[in-house]
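The lines below spell out each chain.
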Amino acid sequence: SFQDGGGGGGGGRIAIYTEDLGLADTSIQAYGGDALSRGGAGTVWLDVAGSRLPILLIDNGGVPGENTEFSGVTMLACDVVVRNAGRLGPAHGDTTLHLFVEGDLAVLEGAEVYATGRGYPSGQGEQGGAGVTGQSGGGGGHGGAGGNSTSVAGGGAYGLPSQPATRGSAGGADVGNPAKPGGAGGGVLRLTVTGTVTVNGRIASDGESVVQLSNIYPGGGAGGSIWLDCAGLYGTGTIQANGGSAI
């Protein structure tokens, strides 16, 4: 186990163009490196002659790590398979990802499409939870109002139910104490898929949870937005934009 130390390196990129594929795709690997914070999976592009579309594999060898990052508006002319603890999501510093997939999207068990904590940072947002010095903070608002703390109010609701495209607001902090920030809100995931989407893992844009610090509870972040257009939706997993807890 890793108790302290550096971060693991991100996986690389592999592209294979072939007339025939007799090697198991599990033998083609671009895993992130092990560490206290494991690196994100790299990408494996498989283009086999005669196939309907190429396949993009995002596979982290069964151990969760950082996102396999895409920025802004991204077009992918392929089927996309996220598996074995792979995690596809926005790049660092990005709050929103709009992914166009010209094929099918499969998020297998243990894998994720992930924008948790990519919304507004501590104390900020359209309806950020209130925070004061030396007191517990209110929860951030978004689709639902944030909960009140024992001292201050949570944020109110905003955004559109039918076209969710707004970030979750953050929870309130112990103002003036950077060691006690409120939880960040969830980011924005928009997935436009011409084929089917199968979710046996998770598509998640949750608000960040927080823990008690010296009898002070910062507020939890509000869930973000997930907007999915596809030809069919299947699977046994979850699609979630839950608010962060403060317990």
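Relevant structure appears above.
Residues numbered from 1 in each chain as written. Predicted model: local features only at pLDDT ≥ 70, side-chain atom pairs only at ≥ 80, totals over all residues. Heavy atoms only, no water.

Visitor: Summarise the overall build of the protein; cite the residues concerned and give the values.
Guide: Per the secondary structure count, the protein includes zero helices and 16 strands. In summary, the protein has a C-alpha radius of gyration of 19 Å against a globular reference of 18 Å for 247 residues, a match within 12%. In terms of overall dimensions, the protein has C-alpha extents of about 65 × 45 × 30 Å along its principal axes. Out of the 247 residues in the protein, the part that is buried amounts to 46%. In the protein, the share of contacts with a sequence separation of at least 24, taken over all contacts with a separation of at least 6, comes to 67%. (Helix = DSSP H or I, 4+ residues; strand = E, 2+ residues; numbered from the N terminus. Rg over C-alpha atoms; globule rule 2.2 N^0.38 Å. Buried < 20%, exposed > 50% of the residue type's maximum accessible area, 1.4 Å probe, protein only. Contact = heavy atoms within 4.5 Å.)

Visitor: Tell me about empty space enclosed by the protein, and please be specific about residues and values.
Guide: Using the criterion set out here, one finds one cavity of 30 Å³ or more in the structure. Its volume calculated, the largest cavity comes out at about 40 Å³. Tallied by class, residues from the lining of the largest cavity come to four nonpolar, two polar and three charged. (1 Å grid on protein atoms, 1.4 Å probe; cavity = no way out; pocket = protein on both sides within 12 Å on 5 of 7 lines; lining within 4 Å. Points joined across faces, edges and corners; volume = space filled by probe spheres on them. Nonpolar A, V, L, I, M, F, W, Y, C, P; charged D, E, K, R; others polar.)

Visitor: Help me get a handle on the sheet that holds strand β5 (residues 72–76), residues and values and all.
Guide: Taking strand neighbours across the sheet as the criterion, the four strands line up as β5-β8-β11-β14 in an open arrangement whose pairing is parallel. One side of each edge strand has no neighbouring strand; the edge strands of this open sheet are β5 and β14 (225–229). Pairwise comparison of adjacent strand axes, ignoring direction, gives a mean angle of 10° for this sheet. Relative to strand β8 (residues 96–101), β5 is paired through five bridges, and the arrangement is parallel. By the bridge assignment for β8, L76 is matched with V101. (Pairing = 2+ DSSP bridges. Axes fitted to C-alpha atoms, helices over the stretch in contact; angles between N-to-C directions.)

Visitor: Tell me about unusual backbone geometry, and name the residues and values.
Guide: At N84, a residue that is not glycine, the phi angle is positive and equals roughly 50°. Secondary-structure assignment places N84 in the loop between β6 (79–83) and β7 (87–90). Within the chain, A85 stands out as a residue other than glycine whose phi angle is a positive 70°. Within the element layout of this structure, A85 appears in the loop between β6 and β7.

Visitor: Can you explain the environment of V82? Please cite residues and give values.
Guide: Its place among the elements puts V82 in strand β6. In this structure V82 comes out as buried when scored by relative accessible area, which is 0%. As a C-alpha pair, V82 and L213 span 131 residues in sequence and 36 Å in three-dimensional space. Non-local contacts of V82, meaning those with residues more than four positions away in its chain, are made with I58, R87, L88, A106, V107, L108, A111 and E112.

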